[in-house]
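Coordinate analysis (summary)
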Amino acid sequence: MLRRLALTTVVSLAALSAVAPAAAAATGPLPLPLPLPVLQDDARTRLTITVSGTGDSAAEGSFELRCAPAGGSHPVAEQACGRLDELAGGSGDPFAPVPADALCTLQSGGPATARVTGRWQGRHIDSAFSRTNGCEISRWNNLIPVLPNVR
């Protein structure tokens, strides 16, 4: 994708540089260039979610989630994309780790773990999830149905 972007940029600049001198001579100085638009692929959600230790074979494995439009191998892609859309409007980062100084209840939600990698809201995501204490359980539950509902 980066190659395609680079190639498009180079071809566009080459075409503009060939036309610009003639246009400038005919019409005067050129206006300031407009910023390049964000490519749709850069803003689109594309995540790989790998889940293990849930005790539910249907919930375990590696799933791809694509949004706008919803798709991929995620079992409930449309609902997961809807949840990510809800979270995008919030003030917190659902993929941020629990702060090191957080006070968390000493409870265990089981051995389930998950890793989410890819792109969301135009940024790179590489986040690990577990259910090892109250904070981690809450963080996991905040992402249901992106992550499976584990009890």
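What comes next concerns the included structure. (Residues numbered from 1 in each chain as written. Predicted model: local features only at pLDDT ≥ 70, side-chain atom pairs only at ≥ 80, totals over all residues. Heavy atoms only, no water.)

Below, the discussion takes up the pattern of salt bridges. Charged atoms that come close allow side chains of opposite charge to pair. Tallying each qualifying case throughout the model produces five salt bridges. In this structure, arginine 123 and aspartate 93 form a salt bridge, with 2.6 Å as the shortest nitrogen-oxygen distance. Here the residue arginine 123 occupies a position in strand β4 (residues 123-130), and aspartate 93 occupies one in the loop between α3 (77-88) and β3 (113-120), the gap between them amounting to 30 residues. (Salt bridge = Lys/Arg side-chain N within 4 Å of Asp/Glu carboxyl O. Helix = DSSP H or I, 4+ residues; strand = E, 2+ residues; numbered from the N terminus.)

Enumeration according to the criterion identifies two disulfides in this entry. The disulfide that involves cysteine 67 links it to cysteine 81, with 1.9 Å between the sulfurs. With the S-S bond torsion at -90 degrees, the cross-link from cysteine 67 to cysteine 81 turns out left-handed. Taken together, the positions of cysteine 67 in the loop between β2 (61-66) and α3 and cysteine 81 in helix α3 put the pair 14 residues apart, joining distant regions of the chain. (Disulfide = S-S within 2.5 Å.)

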